[in-house]
Amino acid sequence: MTAAGVVVGSDRLPSAQEIAQALALRLAPQATSVRVAHAQDGWKILLEAEQIPDQRSCLDALGDLFASFLLQPIDVYGRQLGGSQPGWGVRLRPKDVTAPEQVAQKSDRPYRTEPLLLAACVAILFSVGAGLQWQSPSVWLEAAPTASPAQVRSVILNAATTLAPATPPLFRYVPPESFRGQVFGSVPLAAGQKLIALTFDDGPDPIYTAQVLDILAKENIKASFFAIASAVAAYPELAQQIVQEGHTLANHSWSHRYHNYTPSTAMREVDHTQQYIEQVTGVNIKLFRPPGGRLNNGLASRAAQQGYGVVMWSVDPQDWLPGQTSEQIATSVIREAHPGGIVLLHDGGGNRAATVAALPKMIQELRAQGYEFVTLPELLQASDPSGELHHPEWLTIQETAQLEVLVAKLEARCQALRAELIASSPLEPSQRHQIAAALKEQQQALSWVQQRLAFEIIAEDRYRAAFAMGQQALTAAKAQEWAVVTHQLQGAIAELERISERSFVYPLAQVKQREYKRLLARTPNLKI
């Protein structure tokens, strides 16, 4: 057997399949389509490629292949793929050997060549059923149907399920239009929807927040936490844990004071809290709960003007009152619960041991009544699906590292399918068609992911460039080189503004952009 699978030195006449497969391997650089037919007067071979195959190279390969068993004439034609008439045609005939030494020379072949008439009707010899056709993967891929966007998305989504989760889980949320800028304490739901949201205020607290999170994890439910920014600054790891465990972390002001605020001080309390929470945790949830539920001291109006949903409550067990027992708290929540309800609880601001102790009972009882516990974004989404409830993601993918892994997975899958297509039998065209269609679908998915990866790399490069300029500005500020500071900060801000809001790094870019704008406003009085 040769490497191509054709028997050498055998009296057995090779089959059309053996010849087609052997020619496919030997002529791959020259021909993308090989058609083989056998007639009474010998073999007929048609070689096709994007450009007319080179005659000499093809004949050399055929000579090597048929040297040991050329028993009949072979008519060989070279034609442009899809053309009607060959560009060349040659008949190979067995050569009479008169002496052994005549075939000892490498330059001698045991055949002679004769030119053939190039009739357009040569195609009749290779009509369907007249012989065997081998085509290279590129030809089958060209003929395969183009996958629809839905099919390509499905390929990517299926592959993405095998990826490791992104870290950190960046998240931004804007409430639906019907809740944006509005004050609400409960949410209207369709009949039959028994959803309820647990909310916790005044944390994070180093003792009670951790205990609350442990209970929520054990019960496998998600809740919403309205955090005070000063507490986030003191316990950033707890704020990050809240987010990492899938809960909602929202704005409860910076200082939790009840006095009246001027517009400028209200802006600092609301806006700076939001920016700081995003900087520490990567989340930006446009929900605000005013300290003490006060709606007339300037904070709630500032939040409403900025498009926040101002969240109050409809179930209040007054767990903050001194002397409240866990039984009283649980009983009150169970009694007042209703579909679309928002439960006010506390994980900070004092001794919350009774609240922690009440949690398991209220959860188990409400579950027994058919309630499902959801976060506030999920509750609003159930009432009005027009809201933006999503991670900054692309087809469930949330970071560039995931895209890089996905590219490698799809490349490996494409290589495996291509090998399968090459190895498939020419006698099974339906199988080849299926493999080619699957390969084309995978290749389209790979192209999508590669394009998205290039998009994200550009965004990350811009973020890194902006960050480097920001660092240079800080260094220049220490030397009081204010012109350099201004130039570097302006350059950094401009670079950050070029980052698309669809990119994974966009939330971080927004945080940096606001930071640099504040620093620029303080120049040349910036002190480091």
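In this report, the structure presented in the accompanying data block is examined. (Residues numbered from 1 in each chain as written. Predicted model: local features only at pLDDT ≥ 70, side-chain atom pairs only at ≥ 80, totals over all residues. Heavy atoms only, no water.)

1. A look at the packing of aromatic side chains
And then number 1: Under the defined criterion, the tally for this structure stands at three aromatic pairs.
And then number 2: Geometrically, the ring pair formed by F179 and F184 is edge-to-face, given 4.9 Å between the ring centres and 65° between the ring planes. F184 carries the same exposure label as F179, and that label is buried.
And then number 3: Judged by centre distance (5.2 Å) and plane angle (20°), the ring pair of F200 and F225 falls under stacked. Taken as a pair, F200 in strand β9 (residues 195-203) and F225 in strand β10 (residues 224-227) lie far apart in primary sequence, 25 residues in all. Each member of the pair, F200 as well as F225, is classed as buried.
And then number 4: Its end group placed over the ring of Y308, K286 keeps NZ or CZ at 4.8 Å from the ring centre.
And then number 5: Positioned above the aromatic ring of F504, the side-chain terminus of R452 is 5.4 Å from the ring centre. (Phe/Tyr/Trp six-rings, centres within 6.5 Å; stacked < 30°, edge-to-face > 60°. Buried < 20%, exposed > 50% of the residue type's maximum accessible area, 1.4 Å probe, protein only. Helix = DSSP H or I, 4+ residues; strand = E, 2+ residues; numbered from the N terminus. Lys NZ or Arg CZ within 6 Å of the ring centre and 35° of its normal.)

2. Focus on the side chain of T209
And then number 1: Mapped onto the fold, T209 is located in helix α5 (residues 208-219).
And then number 2: By relative accessible area, which is 0% here, T209 ends up buried.
And then number 3: In this structure the side chain of T209 is engaged in a polar contact, spanning 2.6 Å, whose partner is the backbone nitrogen of D205.
And then number 4: Discounting chain neighbours no more than four positions away, the residues touching T209 are G203, P204, L238, I242 and D347. (Polar contact = N/O pair within 3.5 Å; in protein donor to acceptor, adjacent residues only side chain to side chain. Contact = heavy atoms within 4.5 Å.)

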